[in-house]
Amino acid sequence: MNQSVKNKIFSLLKKLIIIAIFLFVFTFAEIYWSMGSFSERMSSGCLDCSFFDDAYLMSAFATIFLTVVFLLLTLIKNKYLKIGLEFSCLIFVWFFWNYGIFVDRESSWSTYLLNEEIRHTLSFSFFPILVLSTIMVFALHYILRKL
């Protein structure tokens, strides 16, 4: 293999690892920040599962999915479109996981309507998602630009 191909592969692997680490850490932190108040409540889907286990698995799945999405988004040249799509993906995935936790640990034990579940999830998630997605996207772009 010639040197330029090795450099491109190494650069891609470095990007992949950095993106994956950022996504895992920030997803885990977001889940704990927004849904941490439900950590002592029992899961309706798995009575023996801890909140940490749920957060860890959700972070791992989100990392795999979002790493692929973020790598594909690196192909977009328009910086503003790329950042907007990254924010949208983060918001959607993080809200989805928060909704799942809320349903599993709170609303399944009670009588919530769908719009109440969404409203409550949004009230718990809005600020953590806003802050952490902003920090993550800009920090990730800053670090990747330095590479």
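The present account deals with the structure reproduced in this document.

What counts and how
- Residues numbered from 1 in each chain as written.
- Predicted model: local features only at pLDDT ≥ 70, side-chain atom pairs only at ≥ 80, totals over all residues.
- Heavy atoms only, no water.
- Helix = DSSP H or I, 4+ residues; strand = E, 2+ residues; numbered from the N terminus.
- Expected span 1.5 Å × (residues − 1).
- Polar contact = N/O pair within 3.5 Å; in protein donor to acceptor, adjacent residues only side chain to side chain.
- Phe/Tyr/Trp six-rings, centres within 6.5 Å; stacked < 30°, edge-to-face > 60°.
- Buried < 20%, exposed > 50% of the residue type's maximum accessible area, 1.4 Å probe, protein only.

**So, helix α3 (residues 79-105)**
With 27 residues, α3 ought to run about 39 Å at 1.5 Å a step, and its terminal C-alpha atoms sit 39 Å apart, in line with that. A side-chain oxygen of the first residue of α3 lies 3.1 Å from the backbone nitrogen of Tyr80; this N-cap is Asn78.

**What about the packing of aromatic side chains?**
Under the counting rule described, the total for this entry stands at 14 aromatic pairs. Taking 5.2 Å as the distance between ring centres and 45° as the angle between the ring planes, the aromatic pair formed by Phe28 and Tyr32 counts as tilted. Here Phe28 pairs with Tyr32, and both are found in helix α1 (residues 3-35), just four residues apart, close to one helical turn. Between the aromatic rings of Tyr32 and Phe51, the centroid separation amounts to 5.0 Å while the plane-to-plane angle is 90°, which identifies the pairing as edge-to-face. On the criterion of sequence distance, the pair formed by Tyr32 in helix α1 and Phe51 in helix α2 (residues 51-73) is long-range, its members being 19 residues apart. Its relative accessible area of 32% is what places Tyr32 among the partly exposed residues. Look at Phe51 and you get buried, because its relative accessible area is 3%.

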